[in-house]
Amino acid sequence: MKMLKNMLTLGAALLACGGAWAESEETENTNVMVDAKYQAEDLWNYPEAFYGRHFKARNGSGEAYRFMANYTGLPENYPGPDVIITGRVKDYLKCSSMDFKSAREEEEMYESDSFKNCKTPSGKVFNGSVSCTGGFYWVTLYTADVPEADAEALENYDTDFMMTLAAQDAPSMEMPGERLPGNLPRGYVLFPTFVYPLKDVYSYVAKTYINPATGRIFSYQIMAEKNLEGYDIKESLKEFCGKDYKQTPEKDGRFEVTNCASHQWAKPLKVTGVVMKKKAAGGLVVTDFYSEGMPKDEAEFFANELGDRVKNLKPEDFDM
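Before going into details, it helps to say that this report is about the structure given with it. Since we're looking at a predicted model, the values are computed, not measured.

The rules behind each value
- Residues numbered from 1 in each chain as written.
- Predicted model: local features only at pLDDT ≥ 70, side-chain atom pairs only at ≥ 80, totals over all residues.
- Heavy atoms only, no water.
- Salt bridge = Lys/Arg side-chain N within 4 Å of Asp/Glu carboxyl O.
- Helix = DSSP H or I, 4+ residues; strand = E, 2+ residues; numbered from the N terminus.
- Buried < 20%, exposed > 50% of the residue type's maximum accessible area, 1.4 Å probe, protein only.
- Pairing = 2+ DSSP bridges.
- Phe/Tyr/Trp six-rings, centres within 6.5 Å; stacked < 30°, edge-to-face > 60°.
- Contact = heavy atoms within 4.5 Å.
- Axes fitted to C-alpha atoms, helices over the stretch in contact; angles between N-to-C directions.
- Arc of directions from axis to C-beta.
- Polar contact = N/O pair within 3.5 Å; in protein donor to acceptor, adjacent residues only side chain to side chain.

## Quick word on the pattern of salt bridges
In this structure the tally under the stated criterion is 11 salt bridges. Here Asp42 makes a salt bridge to Lys267, at a shortest N to O gap of 3.8 Å. With Asp42 in strand S1 (residues 38-42) and Lys267 in the loop between strand S11 (254-262) and strand S12 (269-278), the pair connects residues that are 225 residues apart, well separated along the chain. One salt bridge connects Arg104 with Asp82, and the closest N-O pair in it is separated by 2.7 Å. Residue Arg104 is found in the loop between helix H3 (81-93) and strand S4 (112-119), and its partner Asp82 is found in helix H3; the two are separated by 22 residues along the sequence. The class of Arg104 is partly exposed, set by a relative accessible area of 33%. One continuous salt-bridge network, built from bridges that share partners, spans Asp42, Arg53 and Lys267.

## Here we look at the pairing of strand S13 (residues 284-291)
The two faces of a sheet get side chains in turn, since along a regular strand they alternate between them. When you tally the buried positions in S13, you get seven out of eight residues, the bulk of the element. Alignment of strand S9 (residues 216-224) against S13, held across seven bridges, turns out to be antiparallel. Considered in S13, the bridge of Gln221 is made with Thr287. Where S12 and S13 come together, eight bridges link them in antiparallel fashion. The residue of S13 that forms the bridge with Met276 is Val286. The antiparallel pairing of S12 with S13 creates a hairpin that spans five residues between the two strands, and Ala281 there sits at a positive phi of about 55°.

## Observations concerning the packing of aromatic side chains
Tallied over the full model, the rule gives 22 aromatic pairs. When the centroid spacing of 5.6 Å and the interplanar angle of 70° are considered together, the rings of Phe240 and Phe289 count as edge-to-face. Remark: Phe289 occurs in strand S13 and Phe240 occurs in helix H6 (residues 233-241); sequence separation between them is 49 residues. The class of Phe240 is buried, set by a relative accessible area of 1%.

## Some remarks on the sheet that holds S12
Spatially, the seven strands line up as an open sheet ordered S7-S8-S9-S13-S12-S11-S10, and their pairing is antiparallel. At either end of the open sheet lies a strand with only one pairing partner, and these are strand S7 (189-190) and strand S10 (246-247). Judged from the seven bridges that link them, strand S8 (residues 205-211) and S9 form a sheet pairing that is antiparallel. Looking across to S9, one finds that Ala206 is bridged to Gln221. In the packing of H6 onto the sheet, contacts are made with S10, S11 and S13, and the angle to S11 comes to roughly 30°.

## Digging into H6
Those residues of H6 that sit buried are Ser236, Leu237, Phe240 and Cys241. For H6, the angular spread of the buried residues around the axis is 115°, confining them to a single face. Those residues of H6 hidden inside the fold are in contact with S10, S11 and S13. Between the side-chain oxygen at the start of H6 and the backbone nitrogen of Lys234 there is a gap of 3.4 Å, and the oxygen is on Asp232. One or two positions beyond H6, positive phi appears at Gly242, with a value near 105°.

## Describing the sheet that holds strand S3 (residues 63-69)
Sheet architecture is open: six strands sit in the order S1-S2-S3-S6-S5-S4, paired in antiparallel fashion. Of all strands in the sheet, those bounded by a partner on one side alone are S1 and S4. Neighbour-to-neighbour, the strand axes of this sheet turn through a mean angle of 15°, independent of strand direction. Pairing analysis gives five bridges linking S1 to strand S2 (residues 49-57), with the strands arranged antiparallel. Counted as the bridge partner of Gln39 is Lys56 from S2. Against the sheet, H3 engages S3, S4, strand S5 (125-132) and strand S6 (137-143), with an angle of about 30° to S4.

Have a look at this one:
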């Protein structure tokens, strides 16, 4: 069931955004409206969040939060909105009480739920909602004095970025969020994106980590070389990096990519990359993109993970 949810999530997201990350006019207008009324700041203190925003009303006392987070550490891989509301959300806001009745029994597909009147130590009262997909969930929290129209706009803030997200590490058929390395560098979380340098190619593994506080990112794909016959790698890199990216001449099946602005995040991140062929597993192509200036210990950790995945990969494990 988890695998099915992940595949459906990816398919829905692909249909919804056409595989692109450009802002739609609707989302852009929503963001402009919210930004006109609220001061927005990044915030990373929600557990396992890979996206976080704190909104404060420019006039008045209203405030809101919006987070997107992994299920890592929760009781189940896909616990449902009610478990998140009465667990992490209640703990995050430090609610002494809240009005909440789970809609689990009333919904055939229980993917979202809401609560009201969370009383916090500051005296503020919050309402909010939680929506789940197969690979991540998002939370919108707002004080009771936020107008209903504003609350709806806040729930649609940065929607186009959300639609570039997918199940755990799609398009891989794996679910590595269930077995994150225990020694993962501090601050990094699994980032569930389907935006990769070589798009629309089936990947044995496609995995991205991000440290939201620093903006550093590490992303890799492992694909069968045979699946890239006739594929326009340069055109795909141009779309991923931007038209001004630079590429070194290929040598021994390997070339480097610089001046690349990855559009995997809500805002472009400057990365350096390598595209290389490997003889393992009957012939592989591997992409390896990472933030410029990444500390040596972090770079070594991720390079070792990638090396292990290539070394131990067995294509037959991915047969459907």
